[in-house]
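These are the residues of each chain, in order.
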Amino acid sequence: WAKADGKSRWTLFDPERNAHRITRQALSSTLRPAVERGEFALEYQPLVCMEDGGVSGVEALVRWNHPQFGTLTPNRFIGLAEEDGSIVQLGRWVLATACRQARRWQLDHPDAEPIFVSVNVAVRQVWDSDLVADVAATLAETGLAPHLLQLELTESAVMGSAGRPLQTLQALSDMGVRIAIDDFGTGYSNLAYLSRLPVSVLKLDGSFVRGFQFESAENGAGADARSNPADEVVVEAMIQLAHRLGLTVTAECVETAGQASRLRRIGCDTGQGWLYSRPVTPDRISALLRSACART
Ligand code: C2E
Ligand code: MG
Ligand code: MG
Ligand code: MG
């Protein structure tokens, strides 16, 4: 009875795995129409200047308000959308929505310094769609200035393939759009190669920051038992090299004041994480822009 699909009965009758498979099927079959039904929404997480604590931009993060499963975070569906190609359509929606929102903030808060919006781009958007044309059209339609758009691509989207990705990055960069490498340090980590691409920002993967588990020495605590000084040396060297190559560095997953002060001391330019803010709805970003104006 367990040999039906040639797998062990544990696989076949593990209810959790079974549930997982059912949700997977249910999700992938409803992804495409869900874009049209408007079931997706964006949250925005502040990108904070480590020097003065000001918000210079926000990262757009997609959520799926699923009628049956509730709010789903991207790790539940981005992989599926990449597999079946619906990421191209979803990605277009994300780009247009984020740019429209960034322009909206700028119009609603004319006295605030405009903030940029950073949009995640999947590998397939670089290969299977005309990303350059989509970005150009979106900027024209929304009226957002190109320098207020940043695109986040992973190393795997740009490495080892000189042709199409390079042309795409070059065209976007010529347009004035900023390119960031997302989750940096989890892939090939070839900084020398990256520096030859039109890339201007490195987003250090959260796994590096997580190594910064200790309190800062000024607090009198010194490094505690969980400290991992080797990580700090590596991160400091990466930041220095990035700066020498003309790149700025954003750290992901900054959760504690101790991590932030360490990162600041070793020259990290921008921080993102729960310490500053969780991803929030657009009106919360508006409130932030209002209070920033009131302070100046
Ligand atoms: P990412 O681009 O590296 O985005 C950062 C992720 O870290 C977000 O997860 C964010 O909520 C989470 N995060 C932020 N601060 C902290 C922190 O202090 N601690 C911890 N533990 N996590 C933090 P989220 O929103 O679940 O997104 C996961 C991934 O899904 C993103 O990773 C990105 O690769 C992908 N993604 C999100 N939105 C889009 C999209 O519109 N298009 C594409 N292609 N991918 C997207
Ligand atoms: Mg990202
Ligand atoms: Mg990232
Ligand atoms: Mg990440």
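Quick caveat, the model's predicted, so the values are computed rather than measured. (Residues numbered from 1 in each chain as written. Chains lettered and ligands numbered in written order. Predicted model: local features only at pLDDT ≥ 70, side-chain atom pairs only at ≥ 80, totals over all residues. Heavy atoms only, no water.)

Here we look at the coordination of the magnesium ion (ligand 2)
Here the magnesium ion (ligand 2) is held by Glu59 (OE), Asn120 (OD1), Glu152 (OE) and Asp182 (OD), and the distances to it run 2.0 to 2.3 Å. Between the magnesium ion (ligand 2) and the magnesium ion (ligand 3), a spacing of 3.5 Å is present, and a bridge between the two is formed by Asp182. Here Glu152 is found in strand E5 (residues 149–154), whereas its partner Asp182 is found in strand E6 (residues 178–184), with 30 residues between them in sequence. When its relative accessible area of 1% is taken as the criterion, Glu152 is described as buried. (Donors = N, O, S within 2.8 Å, 3.2 Å for Na, K, Ca; no water. Helix = DSSP H or I, 4+ residues; strand = E, 2+ residues; numbered from the N terminus. Buried < 20%, exposed > 50% of the residue type's maximum accessible area, 1.4 Å probe, protein only.)

Digging into the nonpolar core
In this structure, Val117, Leu149 and Leu151 are the most contacted members of the largest nonpolar core, which totals 76 residues. Here the element with the most residues in this core is helix H4 (residues 87–108); it accounts for nine residues. Contact partners of Leu151, with chain neighbours within four places excluded, come to Leu95, Val119, Val121, Val135, Leu172, Val177, Arg178, Ile179 and Ala180. (Core = buried A, V, L, I, M, F, W, Y, C linked by side-chain atoms within 4.5 Å. Contact = heavy atoms within 4.5 Å.)

A closer look at the site of ligand 1
Around ligand 1, a shell composed of 21 residues is seen, among which Arg63, Asn120, Asp182, Glu255 and Trp274 lie nearest. At 3.0 Å from an oxygen atom of ligand 1 is found a side-chain nitrogen or oxygen belonging to Asn120. At 2.8 Å from an oxygen atom of ligand 1 is found a side-chain nitrogen or oxygen belonging to Asp182. Taking 800 Å² as the accessible area of ligand 1 by itself, protein coverage stands at 81%. Among the detected pockets, ligand 1 sits in the largest pocket. Of all the secondary-structure elements, those providing two or more residues to the shell around ligand 1 are strand E2 (55–66), H4 and E6. (Near = heavy atom within 4 Å. Polar contact = N/O pair within 3.5 Å; in protein donor to acceptor, adjacent residues only side chain to side chain. Areas by Shrake-Rupley, 256 points an atom, 1.4 Å probe, with all protein chains shown as cover. 1 Å grid on protein atoms, 1.4 Å probe; cavity = no way out; pocket = protein on both sides within 12 Å on 5 of 7 lines; lining within 4 Å. Sits in = over half its atoms within 2 Å of the grid points.)

Topic: the coordination of the magnesium ion (ligand 3)
The protein atoms donating to the magnesium ion (ligand 3) are Asp182 (OD), Asp183 (OD) and Glu252 (OE), with metal-donor distances spanning 1.6 to 2.7 Å. When the donors of the magnesium ion (ligand 3) are listed by position in the chain, the intervening gaps give D-D-x68-E.

Describing the environment of His109
Relative to the assigned elements, His109 resides in the loop between H4 and strand E4 (116–120). As for His109 and Leu47, which are separated by 62 residues in sequence, their C-alpha atoms are 18 Å apart. Excluding residues that lie within four positions of it along the chain, His109 makes contacts with Ser286, Leu289 and Arg290.

Some points on the pairing of strand E7 (residues 201–204)
The two faces of E7 match: Val201 and Lys203 on one face and Leu202 and Leu204 on the other face are all buried. Alignment of E6 against E7, held across three bridges, turns out to be parallel. The partner of Ala180 across the bridge, within E7, is Val201. When E7 meets strand E8 (residues 248–251), the two strands line up parallel, connected through four bridges. Paired with Leu204 across the strands is Ala251, a residue of E8. (Pairing = 2+ DSSP bridges.)

Considerations on the packing of aromatic side chains
Taken as a whole and judged by the stated rule, the model has four aromatic pairs. Considering the side-chain rings of Trp64 and Phe77, the 5.6 Å spacing of their centres and the 90 degrees angle between planes classify their relative orientation as edge-to-face. Residue Trp64 is located in strand E2, and its partner Phe77 is located in the loop between strand E3 (70–72) and helix H3 (78–84); the two are separated by 13 residues in the primary sequence. This pair shows no difference in class: Trp64 is buried, exactly as Phe77 is. Three or more aromatic residues link up through ring pairs in this structure, and these residues are Phe40, Trp64 and Phe77. In this structure, Arg178 is placed above the aromatic ring of Phe116, and the distance from its NZ or CZ to the ring centre is 4.4 Å. The side chain of Arg278 reaches across the aromatic face of Trp274, ending 3.8 Å from its centre. (Phe/Tyr/Trp six-rings, centres within 6.5 Å; stacked < 30°, edge-to-face > 60°. Lys NZ or Arg CZ within 6 Å of the ring centre and 35° of its normal.)

Some points on the layout of surface pockets
By volume, the largest pocket amounts to about 980 Å³. Sorting the residues of the lining of the largest pocket by element identifies E2, H3, H4, helix H5 (123–127), E5, E6 and helix H10 (206–210) as the ones contributing at least two each. A class-by-class count of the residues in the lining of the largest pocket yields 16 nonpolar, eleven polar and ten charged. (Points joined across faces, edges and corners; volume = space filled by probe spheres on them. Nonpolar A, V, L, I, M, F, W, Y, C, P; charged D, E, K, R; others polar.)

Re helix H12 (residues 257–265)
Three or more residues of H12 are buried, namely Gly258, Gln259, Ala260, Ser261, Arg262 and Leu263. The elements touched by buried residues of H12 are H10, helix H11 (229–244) and E8. Positive backbone phi, at 95 degrees, marks Gly267, one or two positions downstream of H12.

Concerning the confidence of the model for the protein
Per-residue confidence for the protein averages 87 on the pLDDT scale, and 86% of its residues sit at or above 70. In this model, residues 215–225 is a region of pLDDT below 50 whose contacts with residues beyond four sequence positions or in other chains number 13 contacts. For this predicted complex, the interface confidence comes out at an ipTM of 0.98, alongside a pTM of 0.90. (pLDDT = per-residue confidence, 0-100.)

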